[in-house]
Amino acid sequence: MGTGEIPVNILTGFLGSGKTTLLNNILTEHHGEKVAVIVNEYGDINIDGLLVLHSDEDIIQMNNGCICCTVRGDLIKMLMNLLVAQHKGDITFDRIVIETTGLADPGPVAQTFIFDEALSSVFALDTIITVVDSQHIIEQLDSFEEPQEQIGFADIIMLNKIDLVDSSRLTAIRQRIHQINPTARLLESQHSQVALSDILDIYSFDLESKLMFDPDFLEVHHPHHHSDSVTSLSFIEKHPLDMEKLNHWMADLITHKGQDLLRYKGILNVEGMNERLIFQGVHMLFSGTFDRPWQPNEAKESRLIFIGKHLDQHALTKQFNQCLATRPLPLKG
Ligand SMILES: Nc1nc2c(ncn2[C@@H]2O[C@H](COP(=O)(O)OP(=O)(O)OP(=O)(O)O)[C@@H](O)[C@H]2O)c(=O)[nH]1
C-alpha cells in the first residue's frame, strides 16, 4: 500500500521465531540494495541491534517502547528523519526493513504507511513477513493473542525451524494457520533461509485480506494490550561472568523454569575470553556460542534479558550475581 517508490518490509513473528536471523540473511545477501533497518525490541536494553550483521546499513534502534503502541509517533518521526537525511545526501537507502518486537501487533505499523499521507506518498508497503517458530507455534497460539495477530496480518508466513518438527506437526501447523489466514503465502525454512525473491519486491500487501482479518483495520487504532502475564528482566554488567557458574545456572533454570521462559538472550563477557558469548534461548532450547572478539571501541559488558511469565525478579537477580567471576584478591603489600 502507498504510492511511493521506496519499498518497506515489516518482519514480525513471536519471540524467538527467527526474525533477527532473517534480517541478517537479508542484509548479508548480495542484492545490491542499501537497506535502512529499524529494529524495535521488547525490554529496556539493546541486544538485537548488537546482533545484526551490518556493514554500512543504517540501523536505527527503537527501544523506548513497543513499535505498535507508544512509539508509532516515533516511527513516523524516524522515517521522516531518514528521508531528510537522504535528501541532504547524508545517507542513501533503497529499502526500509522494520523488525518489530516479538510481542508487537503488526497492524498499527502497517497502518502508519496507509494513514500518514506524507509517508504513503514516498513509501510503498511491500510485504508483511511473519516468521513462525514451528516447534512452539501451536502452544503460542493457544496461550497468546500476539501470534494470532502476527499471522492474521501476514502476506507471507515463514514456517521456520522445520528441523525441529516432523511432517505431521507441520501439517497441523498449516491447518491452524489456514484457519487464521487463508490468503497468506506459506514458505518453509531452516534458520530463516529463503530466496529473497520469495519475500521481497512482491508488493502483496492486500488491504482486503487485512480487513477480513480485522474489520476495524482502517479505524484509528486503539492502543494494543500486550499479554499482561509477560514481563521482562534485563541485566547490564561490566564485571566478567564465570562460565562454569553460568552453565550450572542455565541448566537449572531451563529444567525448572523452561516452560515460563518465552525468550532469553544476551551478549556476555566471560572471564578469560576475548570473544563475545552469544546466548540464545526459547523455552528449553538454549545455545551459547562465542562469536567475534570484543572490539576496542565497544563496552566489554554483559547484556542479558529474560522475557517470560512469572519471572521471579528477586531470585533471578540473585542467581545472576552469583555467576560473576570471583573478584581477584587484592595483592598483599
Ligand atoms: N534449530 C533452529 N534454530 C533456529 C532456526 N532459526 C533461528 N534459530 C535460532 O533461534 C534463536 C532465535 O532466533 P532469532 O532470529 O534471534 O529470533 P527473533 O525472532 O529475532 O527473536 P526476538 O527478537 O527475541 O523475538 C537463535 O538462537 C537462532 O539461531 C531454525 O530454523 N532452527
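What counts and what doesn't
For every chain, the first residue of the written sequence is number 1, and numbering continues from 1 along that sequence. Where local features are concerned, this predicted model is filtered to residues with pLDDT of at least 70; where side-chain atom pairs are given and counted, the filter is 80 or more; whole-chain, interface and lining totals use all residues. Calculated side-chain values reflect all of the structure's heavy atoms, with hydrogen atoms and water omitted. Per the convention used, a helix needs a DSSP run of H or I reaching at least four residues, while a strand needs a run of E reaching at least two, with both numbered from the N terminus. Buried residues are those whose accessible area, probed at 1.4 Å on protein chains only, stays under 20% of the maximum for their type, while exposed residues exceed 50% and partly exposed ones sit between those limits. By definition, residues are in contact when any of their heavy atoms lie within 4.5 Å. How far each domain reaches was decided by an automatic or database domain assignment. By buried area we mean how much accessible surface two parts lose on assembly, using a 1.4 Å probe and totalling the loss over both. We count a salt bridge whenever a side-chain nitrogen from Lys or Arg sits within 4 Å of a carboxyl oxygen from Asp or Glu. By the criterion applied in these results, polar contacts are pairs of N or O atoms within 3.5 Å in which, for protein atoms, one can donate a hydrogen and the other can accept it, and in which residues neighboring in sequence qualify only through two side-chain atoms. Residue polarity follows a fixed list, in which Ala, Val, Leu, Ile, Met, Phe, Trp, Tyr, Cys and Pro are nonpolar, Asp, Glu, Lys and Arg are charged, and the others, Gly among them, are polar. Nearness is judged by heavy atoms alone; a residue qualifies as near a molecule or strand once a single heavy atom is within 4 Å of it. With residues, only the protein chains shown are counted as cover, and all accessible areas are computed by Shrake-Rupley using a 1.4 Å probe. Grid points spaced at 1 Å over the protein atoms alone were grouped into cavities, where a 1.4 Å probe fits but cannot get out, and pockets, open sets with protein on both sides within 12 Å along at least five of seven lines, with lining residues defined by an atom within 4 Å of a point. Grid points are joined across faces, edges and corners, and a volume is the space filled by probe spheres set on the points. Strands were regarded as paired on the criterion that DSSP finds at least two bridges between them. Lines fitted to C-alpha atoms define the axes, with helix axes restricted to the stretch in contact, and inter-axis angles between N-to-C directions lie between 0 and 180 degrees. Between rings of Phe, Tyr and Trp, where Trp is taken as its six-membered ring, a pair exists when centres lie within 6.5 Å; planes separated by under 30 degrees are stacked, by over 60 edge-to-face, and by other angles tilted.

1. As for the overall build of the protein
Working step 1: A count of helical and extended segments in the protein gives eleven helices and twelve strands.
Working step 2: Burial analysis of the protein (333 residues in total) assigns 53% to the buried set.
Working step 3: Put simply, of all contacts in the protein between residues at least 6 apart along the chain, 76% involve residues at least 24 apart.

2. Quick notes on the domain arrangement of the protein
Quoted interface sizes are often the accessible area lost when the parts come together.
Working step 1: Under the domain assignment used here, the protein contains domain 1 (6-213) and domain 2 (230-322).
Working step 2: Contacts between the two partners involve 20 residues from domain 1, matched on the other side by 22 residues from domain 2.
Working step 3: In this assembly, domain 1 packs against domain 2 so that about 1700 Å² is buried in total across both faces, 71% of it on carbon and sulfur atoms.
Working step 4: Contact with domain 2 buries surface across domain 1, with Tyr42, Ile45 and Ile47 losing the most and accounting together for 31% of the total.
Working step 5: Applying the counting criterion to the domain 1 and domain 2 interface returns zero salt bridges.
Working step 6: Here domain 1 and domain 2 share zero residue pairs in polar contact (both at pLDDT 80 or more) between them.
Working step 7: A per-element tally of the side of domain 1 that touches domain 2 places helix 2 (residues 48-51) first, with three residues.
Working step 8: Taken together, the residues that form the side of domain 1 that touches domain 2 break down as ten nonpolar, five polar and five charged.

3. A look at the site of the ligand
Working step 1: Within the structure, the ligand sits among 18 residues, and Lys19, Thr21, His191, Arg263 and Lys265 are positioned closest to it.
Working step 2: A distance of 3.0 Å is found between an oxygen atom of the ligand and a backbone nitrogen or oxygen belonging to glycine 18.
Working step 3: A total of 650 Å² of accessible area belongs to the ligand in isolation, and the protein chains cover 88% of it.
Working step 4: Here the residues of the shell around the ligand sort into two nonpolar, nine polar and seven charged.
Working step 5: Shared between two domains, the shell around the ligand takes at least three residues from each, and those domains are domain 1 (6-213) and domain 2 (230-322).

4. Description of the environment of aspartate 163
Working step 1: Residue placement: aspartate 163 occurs in the loop between strand 6 (156-160) and helix 8 (167-180).
Working step 2: Taking the C-alpha atoms as reference points, aspartate 163 and serine 189, separated by 26 residues in sequence, lie 8.6 Å from one another.

5. Comments concerning empty space enclosed by the protein
Working step 1: In total, this model carries one cavity of 30 Å³ or more according to the counting rule given.
Working step 2: The calculated volume of the largest cavity comes to roughly 40 Å³.
Working step 3: The set of elements that each furnish at least two residues to the lining of the largest cavity consists of strand 5 (123-133), helix 6 (137-143) and helix 7 (146-152).
Working step 4: Examining the composition of the lining of the largest cavity, we find that four residues originate from one element, strand 5, more than from any other.
Working step 5: Residue classes in the lining of the largest cavity are distributed as six nonpolar, five polar and one charged.

6. What about the sheet that holds strand 10 (residues 275-282)?
Working step 1: As summarised here, the arrangement of the five strands in space is 8-12-9-10-11, forming an open sheet in which the pairing is antiparallel. Every other strand in the sheet has two partners, leaving strand 8 (230-237) and strand 11 (285-293) as the edge strands with one partner each. Taken over all neighbouring pairs, the strand axes of this sheet differ in orientation by 10° on average, direction set aside.
Working step 2: Taken strand by strand, helix 10 (residues 243-257) contacts strand 9 (261-268), strand 10, strand 11 and strand 12 (302-309), and its axis lies near 170° from that of strand 9.
Working step 3: The strands that helix 11 (residues 313-322) touches are strand 8 and strand 12; relative to strand 8, the one it contacts most, it runs at about 25°.

7. Regarding the packing of aromatic side chains
Working step 1: This structure, assessed with the given rule, holds ten aromatic pairs.
Working step 2: An angle of 70° between the planes, with centres 5.7 Å apart, marks the rings of tryptophan 249 and phenylalanine 306 as edge-to-face. Of this pair, tryptophan 249 sits in helix 10 while phenylalanine 306 is found in strand 12, placing the two residues 57 residues apart along the sequence.
Working step 3: Using a relative accessible area of 0% as the deciding quantity, one classes phenylalanine 306 as buried.
Working step 4: For the ring pair phenylalanine 279 and phenylalanine 286, a centre distance of 5.2 Å and an interplane angle of 70° mean the geometry is edge-to-face.
Working step 5: Phenylalanine 286 gets classed as partly exposed once you look at its relative accessible area, which sits at 31%.
Working step 6: Among the aromatic residues, those joined into a ring-pair cluster are Phe235, Trp249, Tyr264, Phe279, Phe286, Phe306 and Phe320.

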